[in-house]
Amino acid sequence: MSESWEQVIGKVADDLSAADLLALARDRKAAEHRAAADLLLVAARWADMHPPESIHSAATFATPGCEHEEPIAGVGAPLVAEFCIAELGAVLGLSSGAAKKLIGHALELRHRLPRLWTQVQSGLVPAWQARIVAETTIHTTPRLTVEAAGFVDAQVAAVAGRVAPAQLDRLVAEAIKRYDLAEADPASDPEDGHLHVDPRHVTINDEDVHFAGTMRIEAEVDIADALDLGHAVSQGAAALKALGSTESLDVRRAKALGDLARTQTSLDLSSATATEPATATKRDTADLPAARELVLHLHFDAHLEGVRTVFGPTGRMENGQRLVLLDQVKAWCGDTHTKITIKPVIDLTTEQTAPGYAIPDRIREQVVLRDRTCVFPWCTRPARRSDIDHIVAYDHDADAEGRPQPGPTTTSNLACLCRSHHRLKTHTAWHYRMVEPGVFEWTSPHAHHYLRDHAGTRAFDTTPPDRQ
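Residues numbered from 1 in each chain as written. Predicted model: local features only at pLDDT ≥ 70, side-chain atom pairs only at ≥ 80, totals over all residues. Heavy atoms only, no water.

Caption draft 1: Up close: the pairing of strand β9 (residues 387-390). Here β9 shows no split at all, with D387 and D389 on one side and I388 and H390 on the other all buried. Inspection of the sheet shows β9 paired to strand β11 (residues 414-417) by four bridges, in the antiparallel sense. Following the sheet pairing, D389 is matched in β11 by A415. (Buried < 20%, exposed > 50% of the residue type's maximum accessible area, 1.4 Å probe, protein only. Helix = DSSP H or I, 4+ residues; strand = E, 2+ residues; numbered from the N terminus. Pairing = 2+ DSSP bridges.)

Caption draft 2: How the structure looks around the pattern of salt bridges. Under the criterion given, the structure shown has 18 salt bridges. Ionic pairing is found between D153 and R115, a salt bridge with its closest N-O pair at 3.5 Å. Within this pair, whereas D153 is found in helix α7 (residues 146-158), its partner R115 is found in helix α5 (residues 114-121), the two being separated by 38 residues in sequence. Accessibility expressed as a relative area gives 1% for D153, which makes it buried. Across the salt bridge formed by E247 and K255, the nearest N and O atoms sit 3.4 Å from each other. (Salt bridge = Lys/Arg side-chain N within 4 Å of Asp/Glu carboxyl O.)

Caption draft 3: The packing of aromatic side chains, seen in detail. According to the stated counting rule, one finds eight aromatic pairs in the structure shown. With centroids separated by 6.5 Å and ring planes inclined at 65°, the aromatic side chains of F151 and Y179 adopt a geometry described as edge-to-face. Of this pair, F151 sits in helix α7 while Y179 is found in the loop between α8 (165-178) and β3 (201-204), placing the two residues 28 residues apart along the sequence. Residue Y179 is classed as partly exposed on the basis of its relative accessible area of 34%. Taken together, the ring pairs in this structure connect F376, W430, Y432, F440, W442 and Y450 into an aromatic cluster. (Phe/Tyr/Trp six-rings, centres within 6.5 Å; stacked < 30°, edge-to-face > 60°.)

Caption draft 4: Just the nonpolar core, in detail. In terms of nonpolar packing, the biggest core is built from 42 residues, with L40, I103, L107, L109, L116 and L144 touching the most fellow members. Elements that contribute at least two residues to this core include exactly α2 (18-48), α3 (84-92), α4 (96-112), α5, α6 (127-138), α7 and α8. When sequence neighbours within four positions are dropped, the list of residues in contact with L109 reads L40, P114, L116, W117, A130 and A134. (Core = buried A, V, L, I, M, F, W, Y, C linked by side-chain atoms within 4.5 Å. Contact = heavy atoms within 4.5 Å.)

Caption draft 5: Focus on the sheet that holds strand β15 (residues 456-460). The sheet built from four strands is open, its strands ordered β12-β13-β14-β15 with antiparallel pairing. Lying at the two open borders of the sheet, with one neighbouring strand each, are β12 (431-436) and β15. Between one strand and the next, the sheet's axes are offset by a mean angle of 25°, whatever the strand orientation. Where strand β14 (residues 449-453) meets β15, five bridges bridge the pair, whose relative direction is antiparallel. Paired with H449 across the two strands is F460, which belongs to β15. (Axes fitted to C-alpha atoms, helices over the stretch in contact; angles between N-to-C directions.)

Caption draft 6: Examining a nonpolar patch on the surface more closely. On the surface, V202, I204, M215, I217, V221, L229, L257 and L260 cluster together into a nonpolar patch covering about 660 Å² of accessible area. Elements supplying a minimum of two residues to the nonpolar patch: β3 and α10 (249-261). Secondary-structure assignment places M215 in the loop between β3 and β4 (217-220). Owing to a relative accessible area of 35%, M215 belongs among the partly exposed residues under this scheme. (Patch = residues over 30% accessible without salt bridge, like charges linked within 9 Å, V, L, I, M, F, W, Y side chains within 5 Å. Areas by Shrake-Rupley, 256 points an atom, 1.4 Å probe, with all protein chains shown as cover.)

Caption draft 7: Up close: α7. With 13 residues, α7 should reach 18 Å at 1.5 Å per residue; the first-to-last C-alpha distance of 18 Å fits that figure. Within α7, burial applies to A148, A149, F151, V152, D153, V156 and A157. Along its buried surface, α7 packs onto α4, α5, α6 and α8. Immediately downstream of α7, the backbone of A160 shows phi near 55°, a positive value. (Expected span 1.5 Å × (residues − 1).)

Caption draft 8: Expanded view of the side chain of H421. Structurally, the position occupied by H421 is in helix α15 (residues 419-427). Its relative accessible area of 3% is what places H421 among the buried residues. Here S96 takes part through its side chain, which lies 2.7 Å from a polar atom of the side chain of H421. Not counting residues up to four positions away in its chain, the partners in contact with H421 are S96, C374, F376, C379 and R381. (Polar contact = N/O pair within 3.5 Å; in protein donor to acceptor, adjacent residues only side chain to side chain.)

Function cannot be inferred from these measures alone, as they are strictly geometric.
Given below as structure tokens:
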């Protein structure tokens, strides 16, 4: 049996001196940079092979949901036929979004940042550094013209790509001012010619749930609002400590922020310390709306002990596909006026069928629970936000013409696809089949094969390794 590359390099490394090991590490790092530069070149060439003109039928432009020109780099860079992106991403083990970014960076560098592109291809600047610059010049508001991007390119290339994020932002601002890009924008600041963009936002990263059952919140607010919020959180943390909490200050501040989000819960807490602390009874609050609207889809194994249902200690949270402890759920749902909905267990192995094309809620829920995410290779978009696709297309004329229905609305012929991959499957040569519940085999237009199941995606040549 032949040795793996890891075994060979391990044996070689065992015989090397310290100086030789350092030289080997340097060579491998240089090879990594060269491979990244080559990948940008491949991505740019792939885009060249798939211009908008590669969409063969002009009629498809007018067909709802069909392929369209996809601008993924700045002004002056060529457009790309949208559906080519997924196939490059699939062979690289990337999501379509990540592949789109790779192609966009390659086109931005080659067409709008040519000096930096040359430095990447010559090995002077690592590809990852150049891609940071490209990402910035692509998404600047207002959009940089070719001339403005060229100015940034010249400045960055002069220092061989060694530019800090703050310096890069200043260069972009200077380009906006130098080429009068902000003057035509109503949001620009007439005092200094720089674009003023209102940065205020509150972003809840509900797609990234920590194993501890937490989510990250990012916000940019007015100074006065920030100071008021800081004061309220500090006061709430102090109140929790006064009420006997032994948790850390950071945890109490986080809980205080949650109390601010649940106004009525905070009022209940206040009533407990008010003039009549003992009068806050169930009767007093019976008509109040639920203070917390907790929308989480959680799945736990359970069994019966007599007439009592016993849940397992760990379960799965659909949000973020993370494990969750039963004790955590009890803590989340234990606050005042929490509304809890328990849905009946759905057998994911039972075949369900409906007449016609429409997918009833009972089947939709079963497919969502089975698939968990979009089933396209490498895609992680939640199934609950995806379309339900007929794997074999439903024939709307079959019944009228007395033919058997080739694509019935039945569990084994349905799968979750996010909107972009649903369109991809419908309008290109990508096709797939379900080999068992929740397991799908995909074939790309260039005959690459992928197996997608709950464990993720694997590429294979003709037959999956576990089916040979």
